[in-house]
Amino acid sequence: MAAADQRDAITDARDEKADERSNDLDRAEFMDRDSNYGEHWPERRNAARDREHAKDDRAASRDDRVALTEDDDVPDAGGT
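Residues numbered from 1 in each chain as written. Predicted model: local features only at pLDDT ≥ 70, side-chain atom pairs only at ≥ 80, totals over all residues. Heavy atoms only, no water.

Draft legend 1. Seen up close, a nonpolar patch on the surface. On the surface, Phe 30, Met 31, Tyr 37 and Trp 41 cluster together into a nonpolar patch covering about 470 Å² of accessible area. Residue class for Trp 41 comes out partly exposed when judged on its relative accessible area of 41%. (Patch = residues over 30% accessible without salt bridge, like charges linked within 9 Å, V, L, I, M, F, W, Y side chains within 5 Å. Areas by Shrake-Rupley, 256 points an atom, 1.4 Å probe, with all protein chains shown as cover. Salt bridge = Lys/Arg side-chain N within 4 Å of Asp/Glu carboxyl O. Buried < 20%, exposed > 50% of the residue type's maximum accessible area, 1.4 Å probe, protein only.)

Structure, rendered in C-alpha cells:
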C-alpha cells in the first residue's frame with residue numbers, strides 16, 4: 001500500500017510540473033509577436049484531459065485499495 005501511495009504522489013507531482021510547463025509555453029507563445037498563438041491548443045487540451053483522466057483513475061484506485069484493506073469487524077477508536 002505504501003509503495004502504491006508513493007507512486008501516486010510521484011505521479012501527481014509529475015502532472016503538476018507538466019501543467020506548469022504547459023502554462024509557461026502558452027504564456028511564451030502568447031507574448032511572442034511572431035507566433036501563431038493558439039496553434040497548438042488542441043494538442044495541449046488533449047494532453048491536459050489525459051492527465052485529468054489519469055488522476056481520476058489514480059484516485060479511484062486509491063479508494064479501491066482503501067476499501068480492500070479496511071476491516072469492518074474492528075471497532076473504531078471511539079469504542080463503538
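Draft legend 2. Up close: the pattern of salt bridges. Taken as a whole and judged by the stated rule, the model has seven salt bridges. Among the ionic pairs, Asp 12 bridges to Arg 58, the shortest N-O distance being 2.7 Å. Placement of Asp 12 in helix H1 (residues 2-31) and of Arg 58 in helix H2 (residues 41-69) is noted, with a sequence separation of 46 residues between them. Take Asp 12: its relative accessible area is 34%, and that puts it in the partly exposed class. In this structure, the salt-bridge partner of Arg 44 is Asp 26, at a minimum N-O distance of 3.1 Å. Of this pair, Arg 44 sits in helix H2 while Asp 26 is found in helix H1, placing the two residues 18 residues apart along the sequence. For Asp 26, a relative accessible area of 21% translates into the label partly exposed. One network of salt bridges, in which partners are shared, links Asp 12, Asp 15 and Arg 58. (Helix = DSSP H or I, 4+ residues; strand = E, 2+ residues; numbered from the N terminus.)

Draft legend 3. Summary view of H1. With 30 residues, H1 should cover 44 Å at 1.5 Å per step; its first-to-last C-alpha distance of 44 Å lies within 8% of that length. On its buried face, H1 sits against H2. (Expected span 1.5 Å × (residues − 1). Contact = heavy atoms within 4.5 Å.)

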